[in-house]
Amino acid sequence: MKLSLIIPAYNESQRLSGTLPGAISYLEDKGLEYEIIVVDDGSTDGTADVVARAAAGNPRVRVLRNEPNRGKGYSVKRGMLDAAGELRL
């Protein structure tokens, strides 16, 4: 069973630089089939770049970008609709 982890983000480059690698490591250690979708909601602080660096070489981590900022609810909905997992968080 595949897990989709949806993370809405707006100007979260500092926070994601620490937590995203930890989430990837945890899911890898558990041997879960997963995908992580970070929905960048029009950030201006390089959030998408942080995700791209954390995802380097890992096709299970990706970023969707909203231009312009659309809000948290929209971002969560967009990530959920784009997700492929049977379980979505």
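Refer to the structure above for everything that follows.
Read on for a plain summary of the structure.

### Section: the environment of Arg 65
- Looking at the element boundaries, Arg 65 is found in strand E3 (residues 61-65).
- The class for Arg 65 is partly exposed, based on a relative accessible area of 40%.
- For the pair formed by Arg 65 and Asp 40, sequence separation is 25 residues and the distance between their alpha carbons is 4.7 Å.
- Excluding residues within four positions of it along the chain, Arg 65 makes contact with Asp 40, Ser 43, Ala 48 and Arg 78.
- Polar contacts involving the side chain of Arg 65 include one to the side chain of Asp 40, which spans 3.3 Å.

### Notes on helix H2 (residues 47-54)
- Among the residues of H2, Thr 47, Ala 48, Val 50 and Val 51 are the ones counted as buried. Burial along H2 is one-sided: seen end-on, the buried residues are contained in an arc of 160 degrees.
- On its buried face, H2 sits against strand E1 (2-9), helix H1 (13-29), strand E2 (33-40) and E3.

### Some details on the nonpolar core
- Counting 15 residues, the largest nonpolar core has Ile 7, Leu 16, Leu 20, Ile 36 and Val 38 as the members making the most contacts within it.
- Counting residues per element, the ones that place at least two in this core are E1, H1, E2 and H2.
- When residues no more than four places from it in sequence are discounted, the contact partners of Ile 7 are Leu 16, Leu 20, Ile 36, Ile 37, Val 38 and Val 39.
- Among the nonpolar cores identified, the runner-up in size contains five residues, and Ile 6, Ile 37, Leu 64 and Ala 83 belong to it.

Criteria and cut-off values
- Along each chain, residues carry numbers from 1 onward, in the same order as the chain's sequence is written.
- Local features in this predicted model are restricted to residues whose pLDDT is 70 or higher, and side-chain atom pairs enter the listing and the counts only when it is 80 or higher, whereas totals over whole chains, interfaces and linings include all residues.
- Here the side-chain values reflect all heavy atoms present in the structure, with hydrogen atoms and water set aside.
- Segments assigned H or I by DSSP are reported as helices when at least four residues long, segments assigned E as strands when at least two residues long, and all are numbered from the N terminus.
- Burial here depends on accessible area, computed with a 1.4 Å probe over protein chains only, as a share of the maximum for the residue type. Under 20% is buried, over 50% is exposed, and the range in between is partly exposed.
- When checking whether two residues touch, look at their non-hydrogen atoms; a contact exists if any pair is within 4.5 Å.
- Polar contacts here mean pairs of N or O atoms no more than 3.5 Å apart (in protein, one a potential hydrogen donor and the other a potential acceptor; neighbouring residues in sequence count only if both atoms are side-chain atoms).
- Working note: the arc is built from the helix axis to C-beta atom directions.
- Think of a nonpolar core as a cluster: buried Ala, Val, Leu, Ile, Met, Phe, Trp, Tyr and Cys residues, connected wherever their side-chain atoms sit within 4.5 Å.

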